[in-house]
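Inside the fold
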Amino acid sequence: MDSALSALYNRGDQAVSGGDRGADLSGSAPRVSRWLGDIREYFPSSVVQVMQSDAMDRLGLHQLLLEPEMMEAVEPDVHLVGTLLSLNRVMPAEARESARTIVRKVVDDLEKRVAQKTRSVVRGAIDRSARTHRPRRVADIDWNATIRRNLAHYLPEHNTVIPQTLVGYGRRSQGVQKDVVLAIDQSGSMASSVVYASVFGAVLASMSTLKTSLVVFDTAVVDLTDQLTDPVEVLFGTQLGGGTNINKALRYSQTLIDRPQDSIFVLISDLYEGGVRAEMLKRVAAMKSAGVQVVVLLALSDEGAPFYDRQNASALAELGVPAFACTPDAFPELMAAAIQGQPLDAWVDKHLDE
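Residues numbered from 1 in each chain as written. Predicted model: local features only at pLDDT ≥ 70, side-chain atom pairs only at ≥ 80, totals over all residues. Heavy atoms only, no water.

1. Let's talk about the overall build of the protein
If you tally the helices and strands in the protein, you get 14 helices and 10 strands. For the protein, restricting intrachain contacts to residue pairs at least 6 apart in sequence, the fraction spanning at least 24 positions comes to 76%. As presented, the protein carries roughly 17100 Å² of accessible surface, and 48% of it is formed by carbon and sulfur atoms. (Helix = DSSP H or I, 4+ residues; strand = E, 2+ residues; numbered from the N terminus. Contact = heavy atoms within 4.5 Å. Areas by Shrake-Rupley, 256 points an atom, 1.4 Å probe, with all protein chains shown as cover.)

What follows is the structure in structure tokens.
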């Protein structure tokens, strides 16, 4: 354990790579592979992930991920997936297959974690959003909403509310009820968010009551909707690390929205705009005025407070569109609030208080 820790954290000692910090790593994969095996044997998984991340930063091991034997030794996690995706354009064919196996394992684990809750919460929100004032059956009456609507007709002498107006659930339909467009910034700082958003996009796309589209962007925009059945394909269709043109992504996304009143647009970006800022803000305002529920997430990850453009976030807030970070665990409830047309300011305040 001491040797494994020293190799990483003692700057005076020889590094894992077999030389001083910053030395050439071209022939170091077998040695690093052994070191990764040691830390997996001696430390719990949560500590292994931290040490792997530190090794990437401190020892410049990104290039070693191009070696298949290296990838077979690592502990798969979201951060590693982000690293692999950033290298997938320069990765040799034999290494790409190993990388795909790692990405598949992480994605499958994430889907198991989020799929059931997401489908359950979103289906409930869709059912509740289909309101009617003429429920045909007693079972269709939303009693909580009906009581709130008729509190003015309370008769204290009878301890009773007279329901002059009924509020009920609409008839359930198997058709598309809401349109969801996810636009994901694929700049390098958004790696973890890209992974989570791709998994959630696949889950939402599996629901027949939603029409889900997914676009990724840097200075160009790529529509990956036809790959949503497989989030691994979506992830390998991204190209992390480019510039950012949010305005161009918004312009394309607007072409996907033909039912504004029944549409949710989710922008996941740190808001560092390399395009035309004024046009970006105009497009957000136009979406909102047309009735689109606009959601702006600075991050969709467990990594805590993100770096983001505060000026653009403030400008969006002035348009009534709060920009905030969201954890994967909270995302299903956020989508439920958006589907029901709830003010997101209130949801954010409640979420931050928790």
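From this point, the discussion proceeds with the structure in view.
2. Considering the sheet that holds strand 8 (residues 263-268)
The mixed open sheet is built from six strands, whose spatial order is 7-6-5-8-9-10. The sheet is open, and its two borders are formed by strand 7 (221-223) and strand 10 (323-326), each paired with just one other strand. Here the average twist between neighbouring strands, direction ignored, is 30 degrees. Inspection of the sheet shows strand 8 paired to strand 9 (residues 293-300) by five bridges, in the parallel sense. Note that in strand 9 the partner of Val266 across the bridge is Val295. (Pairing = 2+ DSSP bridges. Axes fitted to C-alpha atoms, helices over the stretch in contact; angles between N-to-C directions.)

3. Concerning the packing of aromatic side chains
Taken as a whole and assessed by the stated rule, the structure comprises two aromatic pairs. Summarising the aromatic geometry, the rings of Phe324 and Trp347 are spaced 5.9 Å apart at their centres and angled 40 degrees between planes, so their arrangement reads as tilted. With Phe324 in strand 10 and Trp347 in helix 14 (residues 344-353), this pair connects stretches of sequence that are 23 residues apart. Neither residue differs from the other here; Phe324 and Trp347 are each classed as buried. Sitting above the plane of the Phe236 ring, Arg100 keeps its charged end 4.4 Å from the centroid. (Phe/Tyr/Trp six-rings, centres within 6.5 Å; stacked < 30°, edge-to-face > 60°. Buried < 20%, exposed > 50% of the residue type's maximum accessible area, 1.4 Å probe, protein only. Lys NZ or Arg CZ within 6 Å of the ring centre and 35° of its normal.)

4. Points about the nonpolar core
By size, the foremost hydrophobic cluster in this structure holds 81 residues, and its most contacted members are Trp35, Leu65, Leu84, Val295, Leu297, Cys326 and Leu334. No other element matches the 12 residues that helix 6 (residues 93-129) contributes to this core. The contact partners of Leu65, leaving out residues within four places of it in the chain, are Met56, Met70, Met71, Val74, Leu80, Thr83, Leu84 and Leu87. Counting residues in each nonpolar core, the second largest holds 24 residues, with Phe265, Met280, Val292 and Ala315 among its members. (Core = buried A, V, L, I, M, F, W, Y, C linked by side-chain atoms within 4.5 Å.)

5. Considerations on a nonpolar patch on the surface
A cluster of nonpolar side chains, namely Val138, Trp143, Ile147 and Leu151, defines an oily patch on the protein surface of about 420 Å² accessible area. Structurally, Leu151 is set in the loop between helix 7 (143-149) and strand 2 (154-155). (Patch = residues over 30% accessible without salt bridge, like charges linked within 9 Å, V, L, I, M, F, W, Y side chains within 5 Å. Salt bridge = Lys/Arg side-chain N within 4 Å of Asp/Glu carboxyl O.)

6. With respect to the layout of surface pockets
Put simply, the largest pocket is a space of about 520 Å³. The wall of the largest pocket is formed by 29 residues, among which His79, Ser189, Ala191, Ser192 and Glu303 lie closest to the centre. Considering only residue class, the lining of the largest pocket consists of 11 nonpolar, 14 polar and four charged. (1 Å grid on protein atoms, 1.4 Å probe; cavity = no way out; pocket = protein on both sides within 12 Å on 5 of 7 lines; lining within 4 Å. Points joined across faces, edges and corners; volume = space filled by probe spheres on them. Nonpolar A, V, L, I, M, F, W, Y, C, P; charged D, E, K, R; others polar.)

7. With respect to the packing of helix 6 against helix 13 (residues 331-339)
Running from N to C, helix 6 and helix 13 cross one another at 15 degrees; their axes reach a closest spacing of 9 Å. When the axis of helix 6 is compared with that of helix 13, the two are roughly parallel. Read as a crossing pair, helix 6 and helix 13 show a hand that is right-handed. Facing helix 6, whose interface residues are Lys117, Thr118, Val121, Val122, Ala125, Ile126 and Ser129, helix 13 presents Pro332, Glu333, Met335, Ala336 and Ile339. Of the residues contributing to the contact of helix 6 with helix 13, the split by class is eight nonpolar, two polar and two charged. (Parallel < 35°, antiparallel > 145°, perpendicular 65-115°, else oblique. Left-handed = near helix turned anticlockwise from the far one by under 90°.)

8. Focus: the pattern of salt bridges
Per the stated rule, a full pass over the model turns up 10 salt bridges. Glu233 is the partner of Arg100 in a salt bridge, and the nearest nitrogen-oxygen pair spans 2.8 Å. With Arg100 in helix 6 and Glu233 in helix 9 (residues 231-236), the pair connects residues that are 133 residues apart, well separated along the chain. Taking relative accessible area as the criterion, Arg100 reaches 23% and is therefore assigned partly exposed.

9. Topic: unusual backbone geometry
Within the chain, Asn159 stands out as a residue other than glycine whose phi angle is a positive 55 degrees. Looking at where Asn159 falls in the secondary structure, it is placed in the loop between strand 2 and strand 3 (160-161). For Asn159, a relative accessible area of 61% corresponds to the exposed category.

Nothing here speaks to function; it is geometry throughout.
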